[in-house]
2 protein chains.
Amino acid sequence: MSGSCFAEKLSELIDLTEVEHKTLEKLEERQRHVRRGAVLQRENEGGGELYVLRKGLMMSYVLLHDGSRQILRFLFPGDMLGISSAVYQEAPETLAALSDCVVCPFDRGVLADLMREHPRLAAMVLVYSQIERVALTDRLAALGRTSAKARVAALLLDLRNRLRATDKSLANVFSLGLTQEEVGDATGLTAVHVNRMLRQLEEEQLIAREGGRVTLLDERALARAANYVNRYEGLDLGWLPKAG
Amino acid sequence: MSGSCFAEKLSELIDLTEVEHKTLEKLEERQRHVRRGAVLQRENEGGGELYVLRKGLMMSYVLLHDGSRQILRFLFPGDMLGISSAVYQEAPETLAALSDCVVCPFDRGVLADLMREHPRLAAMVLVYSQIERVALTDRLAALGRTSAKARVAALLLDLRNRLRATDKSLANVFSLGLTQEEVGDATGLTAVHVNRMLRQLEEEQLIAREGGRVTLLDERALARAANYVNRYEGLDLGWLPKAG
DNA sequence: CGCACGCTTGACTTACATCAAAAGCCGTGG
DNA sequence: CCACGGCTTTTGATGTAAGTCAAGCGTGCG
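Being a predicted model, the structure only gives us computed values, none of them experimental. (Residues numbered from 1 in each chain as written. Chains lettered and ligands numbered in written order. Predicted model: local features only at pLDDT ≥ 70, side-chain atom pairs only at ≥ 80, totals over all residues. Heavy atoms only, no water.)

A few points about helix 5 (residues 119-145) of chain A
For helix 5 of chain A, spanning 27 residues, the distance from its first C-alpha to its last is 38 Å, which sits close to the expected 39 Å at 1.5 Å a residue. Within helix 5 of chain A, 25 of the 27 residues are buried, which leaves the element mostly enclosed by the surrounding structure. (Helix = DSSP H or I, 4+ residues; strand = E, 2+ residues; numbered from the N terminus. Expected span 1.5 Å × (residues − 1). Buried < 20%, exposed > 50% of the residue type's maximum accessible area, 1.4 Å probe, protein only.)

See below:
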């Protein structure tokens, strides 16, 4: 087992060579602990570093002029953070920790080195950036065209699926680790309405709740109600450049 | 001037070498004409090819179970299309032409070659994919947290700015080339409500309209109302691998 | 010419927001 | 160990932005 979280994630899709492993370990040489609630990078500030998230749950969000917040994405162990901020002089989004986290900061130059020396890894960075793109378009469609209930259901399904990516043993029960306010900021709803939607899902026997833990009782029906597609399946990587 | 649309777009950000130019021309060796309304690639179908859009206006969209449509993105000359579809066995989105278009199809293998032999171009593909990512998150925030009027205003501003990227002479007047239904499908609104918002923007002297042409009368106020940020500025490319 | 499609406008409905208040829960300090 | 203050969660009453339905109009095109 490698010392790199990112490598571990890549290993699910391709077989890494020894050299590739070594290269990826360079991304995670340094470590930094981030307290729950702390901000790793603030919107409109410069000097964006890149990170690999090693442990914990984070989110990225933007604030609008009226003070409202839109959560753009939840971040899980193995995810690479701050690529978009690295491309801009000023970060387009804030990165904040939802639980105590461990991140590995690395320099943009290291990414450049990686792209120069390891085309296949460069291609994989592009692949993940496309997976994320598709996840964003799914959410865009959800916000633009689906009901409040569907959006909440989709969020529950997606969180569970992404948690499961790091913890295979995870079944239908999990603690979502978000306040209803945060669920609202992710789905474009108010906390009050999120509460009502959760209760409705509960009444319809689609989920159960007790003390912050959620159980998905009827995953099939939930996915139907949410227009949900699991985007972590169905990839095609046959075209990648050869290793080495 | 190069024969490649994509190269032309890249040239705005970096100075391409002779060899890089040659490489990019390979992406646009073949040409295909696409009629207004025609579909280049359909959601959930396989065999996704990649394209560079050379001429015209296209869009990508998804259809939901209830038949409603969410337009994800408008595509302009110089844009690379179908990267996300190339990563999946089945295309996650439909590509359709809003006007008569010319596209240049190329194989995923060509992209792999490019990434292997030209790290700097590979990095630029990643950069554009991040610019697009940020554009999507801006739209996500708009759909989740802003009013109908703001969303319509943001769409008008963005269309004008992106049109101007291909035609520098474009000022404040342009024909948007979209039906109000399409504007609605992009902003998560109904055609009827789009109409009302346009009229309101007109009444407030923010825009003027006549026969499909729109004039932005007060760009500053419009941007403020829309929470709009132009994402085609403020890039930082100092970290790119060296050419060659 | 006439038909289809897009635009416009009005009347009415509805999903979600807002406002408000009470009750649980959780860490902190006396 | 308990009391307190500050978050969350929950629920009800009311408001409103945007959707739905419907009809009339202009216009380009077969």
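Having seen the structure, we can now continue with the description.
A short note on the UniProt feature "domain: HTH crp-type" (unreviewed entry) in chain A
In the numbering adopted here, UniProt assigns the feature "domain: HTH crp-type" (unreviewed entry) to residues 146-220 of chain A. In residues 146-220 of chain A, the share of helix is 56% and the share of strand is 15%. The end C-alpha atoms are 18 Å apart. (UniProt positions renumbered as here; feature names shortened; annotations may be inferred.)

With respect to the packing of helix 5 of chain A against helix 4 (residues 108-117) of chain B
In the contact formed by helix 5 of chain A and helix 4 of chain B, the axes pass within 8 Å of each other and the chain directions differ by 125 degrees. The angle between the axes of helix 5 of chain A and helix 4 of chain B places the two elements in the oblique class. In this structure, the crossing between helix 5 of chain A and helix 4 of chain B has a hand that is right-handed. Contact residues: helix 5 of chain A offers Pro119(A), Ala122(A), Ala123(A) and Leu126(A), while helix 4 of chain B offers Leu111(B), Met115(B) and Arg116(B). Looking at the contact of helix 5 of chain A with helix 4 of chain B, its residues break down into six nonpolar, no polar and one charged. (Axes fitted to C-alpha atoms, helices over the stretch in contact; angles between N-to-C directions. Parallel < 35°, antiparallel > 145°, perpendicular 65-115°, else oblique. Left-handed = near helix turned anticlockwise from the far one by under 90°. Contact = heavy atoms within 4.5 Å. Nonpolar A, V, L, I, M, F, W, Y, C, P; charged D, E, K, R; others polar.)

Structural notes on the sheet that holds strand 6 (residues 80-81) of chain A
Residue and element names in this part refer to chain A. Strand order in this open sheet of four strands is 1-8-3-6, and the pairing throughout is antiparallel. Strand pairing shows two members of the sheet lacking a second neighbour, strand 1 (32-34) and strand 6, which therefore form its edges. Judged from the two bridges that link them, strand 3 (residues 50-55) and strand 6 form a sheet pairing that is antiparallel. The residue of strand 6 that forms the bridge with Val-52 is Met-80. (Pairing = 2+ DSSP bridges.)

As for the protein's contact with DNA strand C
Taken together, the neighbourhood of DNA strand C is formed by 15 residues, with Ala148(A), Arg196(A), Gln180(B), Asn195(B) and Arg199(B) sitting nearest. When atoms of DNA strand C within 4 Å of the protein are sorted by moiety, sugar and phosphate together comprise 72%. Here a phosphate oxygen of DNA strand C and a side-chain polar atom of Asn195(B) are 2.6 Å apart. Residue assignment for the surface near DNA strand C shows that the elements contributing at least two residues are helix 8 (191-203) of chain A together with helix 8 (191-203) of chain B. Per-element accounting of the surface near DNA strand C gives the leading share, four residues, to helix 8 of chain B. (Near = heavy atom within 4 Å. Polar contact = N/O pair within 3.5 Å; in protein donor to acceptor, adjacent residues only side chain to side chain.)

Quick look at the domain arrangement of chain A
All names here are of chain A. Assigned domains of chain A: these are domain 1 (5-115) and domain 2 (147-226). The straight-line distance from the C-alpha centre of domain 1 to that of domain 2 is 25 Å. Contacts between domain 1 and domain 2 engage 12 residues on the former and 14 residues on the latter. Contact between domain 1 and domain 2 buries roughly 1100 Å² in total, counting both sides, with carbon and sulfur atoms accounting for 56%. For Asp-79, the salt bridge goes to Arg-162, with nearest N and O atoms at 2.9 Å. One can count seven residue pairs in polar contact (both at pLDDT 80 or more) joining domain 1 with domain 2. In the side of domain 1 that touches domain 2, the residues fall into seven nonpolar, one polar and four charged. (Domains from an automatic or database assignment. Buried area = accessible area lost by both parts, 1.4 Å probe. Salt bridge = Lys/Arg side-chain N within 4 Å of Asp/Glu carboxyl O.)

Side note on the protein's contact with DNA strand D
As a structural note, the neighbourhood of DNA strand D is formed by 15 residues, with Gln180(A), Asn195(A), Arg199(A), Ala148(B) and Arg196(B) the closest of them. Close to the protein, within 4 Å, the atoms of DNA strand D are drawn from sugar and phosphate at a rate of 70%. A distance of 3.3 Å separates a base nitrogen of DNA strand D from a polar atom in the side chain of Arg196(A). Contacts to DNA strand D include Ala148(B), whose backbone N or O atom sits 2.8 Å from a phosphate oxygen. Those elements that provide at least two residues to the surface near DNA strand D are helix 8 of chain A together with helix 8 of chain B. With four residues, the top contributor of residues to the surface near DNA strand D is helix 8 of chain A. Here the residues of the surface near DNA strand D are counted per class, giving four nonpolar, seven polar and four charged.

So, the relation of the copies chain A and chain B
With an axial shift of 0.0 Å and an RMSD of 0.0 Å, the rotation relating chain A to chain B amounts to 180 degrees. The operation mapping one copy onto its partner corresponds to a two-fold rotation axis. (Least-squares fit on C-alpha atoms with pLDDT ≥ 70 in both.)

Remarks on the interface of chain A and chain B
Contact with chain A, which involves 57 residues of that partner, is made by 57 residues of chain B. Across the chain A/chain B interface, buried area totals approximately 5400 Å², and carbon plus sulfur atoms make up 64% of it. Connecting chain A to chain B are eight salt bridges. Residue Arg145(B) pairs with Asp185(A) through a salt bridge whose shortest N-O separation is 2.6 Å. Counting the contacts that link chain A with chain B gives 26 residue pairs in polar contact (both at pLDDT 80 or more). Elements represented by at least two residues in the side of chain A that touches chain B include exactly strand 5 (69-75), helix 3 (83-87), helix 4 (108-117), helix 5 and helix 7 (180-187) of chain A. The element best represented in the side of chain A that touches chain B is helix 5 of chain A, accounting for 20 residues. Its residues assigned to classes, the side of chain A that touches chain B comprises 29 nonpolar, 14 polar and 14 charged.

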